[in-house]
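Coordinates in review
Listed here are the chains, written in short residue letters.
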Amino acid sequence: MSPLLTLGNPKNPPLVFLHGFLGSGKSWLEIARPFSENYYCILPDLPGHGENISLDINSPLNFDVLTNWILRLLDEIHAPKIHLVGYSLGGRAALTFACCYPERILTLTLESASPGIVDETERARRFAEDSARAESILKDGISAFVEQWYRMPLFASLNSHPQKLSSIKESAKQNDPRWMAKVIRELSPGAQSPLWDSLPMLSFPVLLIAGAKDEKYVQVIHKMSERIPSAQKNIVPDAGHNVHAERPNKYVSLLKKSLY
């Protein structure tokens, strides 16, 4: 395991945060700090991100690998049951783990995360798109890719927070380009089996969060909430895809209500 970023007392209930593509555990610090008095906050770097690059880059990277990695992490820190929070890629990883090991979950919070693409043609199109992105990382370098990535409409609302956007991009550029190419290709939504049919079996509390300006994921969480019996959905005004970066105080408020 790579060095693990944690806040709080290990004797408190574990609260695990999983970041998105190009991110790191540090991207959750602003959110985790208010919880560190009552929870043991665990902010890992996902495989391939930040300092977590000790795995063999030539070995397959898929959601089974991610799930087993999370399981080993929890066993290492002696956390039989956890509160689990995931954003975007980290949300997909969190949902996959929760579907595989529901007995390990106390509560689940998913931000801007989808259970996957059902249509096979659309899945194939997305995989081809992410494979092309992987090639652009290797060809043009990580800095050029990050600048291009955050020009996507998905992140347009971050332009209202220029200092935060600059910090996010500078952190993203520290990632290993070979690993980022591998991650975007092998953990693409186009390479992942959809989890929609597993949603009705989630019996623990589930909090679904999307930014009002992120129309795609607003629709996704509406559909998810119809299938998850215990789901609470929240559409956050004046936010896009990265809600916890754009509206941290609101995010903390929502998470507190789901945990306490």
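Summary of the structure given here. Bear in mind that the values here come from a model prediction, so they are computed numbers and not experimental data.

**Comments concerning the packing of aromatic side chains**
On inspection of all chains with the given rule, the structure shows nine aromatic pairs. Plain terms: the ring middles of Phe35 and Tyr39 are 6.4 Å apart, the flat faces sit at 65° to each other, and that makes the pair edge-to-face. One aromatic cluster is present, formed by Phe21, Phe145, Trp149, Tyr150 and Phe155 through successive ring pairs.

**Focus on the nonpolar core**
Among the nonpolar cores identified, the biggest contains 87 residues, and Phe17, Leu22 and Leu108 are the most heavily contacted of them. Look past the residues within four positions of Phe17 in its chain and what remains in contact with it is Trp28, Ile31, Ala32, Cys41, Ile42, Leu43, Pro44, Val85 and Leu255.

**Structural notes on the environment of Leu55**
Its location among the elements puts Leu55 in the loop between β3 (40–43) and α2 (63–76). Exposure remark for Leu55: the relative accessible area of 32% places this residue in the partly exposed category. Distance from Leu55 to Leu195, taken between C-alpha atoms, is 26 Å for residues 140 residues apart in sequence. Leaving out residues up to four positions away in the same chain, Leu55 has contacts with Pro47 and Trp179.

**Re the sheet that holds strand β1 (residues 5–7)**
Reading across from one edge, β1-β3-β2-β4-β5-β6-β7 is the order of the seven strands in this open sheet, with mixed pairing throughout. If you trace the sheet from one side to the other, it starts and ends with β1 and β7 (231–236), each paired once. Going across the sheet, the axis of each strand differs from the next one's by a mean of 15°, ignoring polarity. As paired elements, strand β6 (residues 206–211) and β7 share six bridges and run parallel to each other. Residue Ile209 lies in a different strand from β7, and its bridge partner there is Asn234. Packed onto the sheet, helix α8 (residues 215–227) meets β5 (105–111), β6 and β7 and runs at close to 160° relative to β6.

**A few points about α8**
Between its first and last C-alpha atoms α8 spans 19 Å; for 13 residues at 1.5 Å apiece the expected length is 18 Å, and the two agree. For α8, the complete set of buried residues consists of Tyr217, Val218, Val220, Ile221, Met224 and Ser225. Down the axis of α8, the buried side of the element spans an arc of 160°, and every buried residue falls inside it. Projecting away from the buried face of α8 at angles above 90 degrees are the exposed residues Glu215 and Glu226. In this structure, the buried residues of α8 make contact with α3 (89–100), β5, β6 and β7.

Here is what the cut-offs are and how they apply
Residues numbered from 1 in each chain as written. Predicted model: local features only at pLDDT ≥ 70, side-chain atom pairs only at ≥ 80, totals over all residues. Heavy atoms only, no water. Phe/Tyr/Trp six-rings, centres within 6.5 Å; stacked < 30°, edge-to-face > 60°. Core = buried A, V, L, I, M, F, W, Y, C linked by side-chain atoms within 4.5 Å. Buried < 20%, exposed > 50% of the residue type's maximum accessible area, 1.4 Å probe, protein only. Contact = heavy atoms within 4.5 Å. Helix = DSSP H or I, 4+ residues; strand = E, 2+ residues; numbered from the N terminus. Pairing = 2+ DSSP bridges. Axes fitted to C-alpha atoms, helices over the stretch in contact; angles between N-to-C directions. Expected span 1.5 Å × (residues − 1). Arc of directions from axis to C-beta.

Geometry only, nothing functional implied.
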